[in-house]
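# Results of the structural survey
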Amino acid sequence: MAEYNSLEKIRLQKVEELRAEGVEPYPTRAQRTHTSAQAIAEFEADETREVKATLAGRIRSMRPKGKLTFAHIEDGYGKVQLFLRVNEVGEANLGFFNRMFDLGDFVEATGVMFRTKAGEVSLHVRDFKLLAKSITPLPADKDVTQEDGTVVRHATLDDPEIRARQRYADLAVNPDVRETFRKRAKLVKSLRTFLDDHDFLEVETPILQPLYGGAAARPFVTHHNELEQDMYLRISFELYLKRLLVGNMERVYEIGRDFRNEGVSFKHNPEFTQLEFYWAYADYLQVMELTEQMVSYAAEQVTGSTKVKFGEHELEFKPPWKRIEMRDGILETSGIDIAEYKTAEALLKAINEKQPKAAPDPKSTRGKLIDFLLSEYLEPTLIQPTFLYNYPRDISPLAKSMPGDPLTVERFEGYVAGFELCNAFTELNDPLDQEQRFLEMGRDYEADDEEKHPLDEDYLRAMRYGMPPNGGFGMGVDRLTMVFTNKHSIREVLLFPALRKEE
RNA sequence: GGGCGCGUAGCUCAAUGGUAGAGCAGCGGCCUUUUAAGCCGUUUGUUGAGAGUUCGAGCCUCUCCGCGCUCACCA
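Presented here is a report on the structure given in the accompanying data block. (Residues numbered from 1 in each chain as written. Chains lettered and ligands numbered in written order. Predicted model: local features only at pLDDT ≥ 70, side-chain atom pairs only at ≥ 80, totals over all residues. Heavy atoms only, no water.)

### A few points about the pattern of salt bridges
Between side chains of opposite charge, pairing is possible as soon as their charged atoms come close. Under the definition given, this model contains 34 salt bridges. A salt bridge links arginine 60 to glutamate 74, with the nearest nitrogen and oxygen atoms 2.8 Å apart. Taken together, the positions of arginine 60 in strand 1 (residues 52-65) and glutamate 74 in strand 2 (residues 68-75) put the pair 14 residues apart, joining distant regions of the chain. In this structure, arginine 393 and aspartate 433 form a salt bridge, with 4.0 Å as the shortest nitrogen-oxygen distance. Within this pair, whereas arginine 393 is found in the loop between strand 17 (386-392) and strand 18 (401-402), its partner aspartate 433 is found in helix 13 (residues 431-444), the two being separated by 40 residues in sequence. For the residue pair arginine 393 and aspartate 433, the accessibility class agrees, reading buried in each case. Connected through salt bridges with shared partners, the residues Arg11, Lys14, Asp102, Asp105 and Lys133 form a single ionic network. (Salt bridge = Lys/Arg side-chain N within 4 Å of Asp/Glu carboxyl O. Helix = DSSP H or I, 4+ residues; strand = E, 2+ residues; numbered from the N terminus. Buried < 20%, exposed > 50% of the residue type's maximum accessible area, 1.4 Å probe, protein only.)

Given below as structure tokens:
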């Protein structure tokens, strides 16, 4: 049973009184004829014409003023002021409105659009009706300017926990939050449009998988009762999408949810939205070009420009993006030339000599040491959209080696605002090399069982049928949403981010 | 998982170890063009939960719960 606070009890009392008076507080149907925006636009188009309208929305402010009442209602398209006067609605109805209606209630009002003396386009109400009584008060937004000129915000909803946990309340009172999610939808739509227009086929592959793979993350485990087997929530789409290339589907993409049983941070949520595409007969350089075109297209669709403000930076997404070979970038920012150190031991020694303050894990593989240098020195400098390319083989088990350079693979990552946005490579299509890589990984990670990856025999079988050379791509859609909406936490771009359960 | 911080009225926040407060919201009035109206009056609390120290705990200690920041983990 719900426990009601004193404010809620007053409103519950009103619900009972309404029913006693024969007024249904939750009627089944509404009869809106105009949205707030439509009614205002129609009136403003020709103010001499009578615009009759029935509007509906949530009461966001109320100013009873004797024989007049002003109230703003808000719908999905904006706010509009209601003007109630005793002359039209009568004393009894005006008193009823003032007494029984509260901030947060959904109401419907019929009347004629007009402009008040203060100049605001409003609805001159003839008739009104309750659509849904609000029991729990929403915070009314109100700021008060103090004598010393400072503005004190009152009764807003800005506790980050409540905003995330009760997103419905957050959305109801914070219009900018609604705007963020409108932009998110636009982003996803623009990515689809772009890929569709480039002849990619959208597909859906299993979320419940008998084996997980395609990334280095711990999975969520569940169990299928009838099959009597454990199943995993996917950590990436990669291995299934590439199976489709074996089946002669040349260009495929999927936008969906990945699940990773890892830590939560401002850029990590246990479930997140990923875009992956695979493109037969292309290599990573072609993927690079398609990426910068796709992201700049999305930037324009979502923000109206390829220039996007993010914090103190203005990011320019217009192609071509900066390209930095990983070796050069690391050399420039850390002073270490990774090409000179072909083993983990040698590279570790060099790091300890040249960057004595750095503290890499001494048990790291060479690839992990390079990754350490990358994230420690190079990554923070990559503010403008930048492609970093040519990665060490041993942290890229699904990417193809560069011809003539077995330690390096044809891989790039896109960076923006100092964090990783996407990851792509010329995909490994040699089944024998792939098997070797899987085995190597097993060896490299032997010490830490959690990072050891299962060998996907079915994937190898698919590759043995023959996989065309291809380029593949993966991108965190949540992170791109953050960049395009100038939000600095992934929670701000997820409607319902992962939180510990209450109680 | 580690470190640091936070949790007080519906909301935003105050309160040397000594009577728990303000604004807004609410409630009762006044007000026929307001603008996040104004004026008069007024109510509201298991101070996240539990235990301890103390004559006395919102404040100090411990345990737990939740959140934030951060580090670690995160091809």
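### Quick look at the protein's contact with RNA strand B
Not every one of the 50 residues close to RNA strand B is listed here, only the nearest: Arg63, Ala118, Ala216, Arg411 and Arg491. Taking the atoms of RNA strand B that fall within 4 Å of the protein, sugar and phosphate contribute 57% of them. A distance of 2.3 Å is found between a phosphate oxygen of RNA strand B and a side-chain nitrogen or oxygen belonging to arginine 63. Of all the secondary-structure elements, those providing two or more residues to the surface near RNA strand B are helix 1 (6-20), strand 1, strand 2, strand 3 (78-85), helix 3 (86-89), strand 6 (142-145), strand 7 (151-154) and helix 5 (160-165). Across the surface near RNA strand B, the residue classes break down as 15 nonpolar, ten polar and 25 charged. (Near = heavy atom within 4 Å. Polar contact = N/O pair within 3.5 Å; in protein donor to acceptor, adjacent residues only side chain to side chain. Nonpolar A, V, L, I, M, F, W, Y, C, P; charged D, E, K, R; others polar.)

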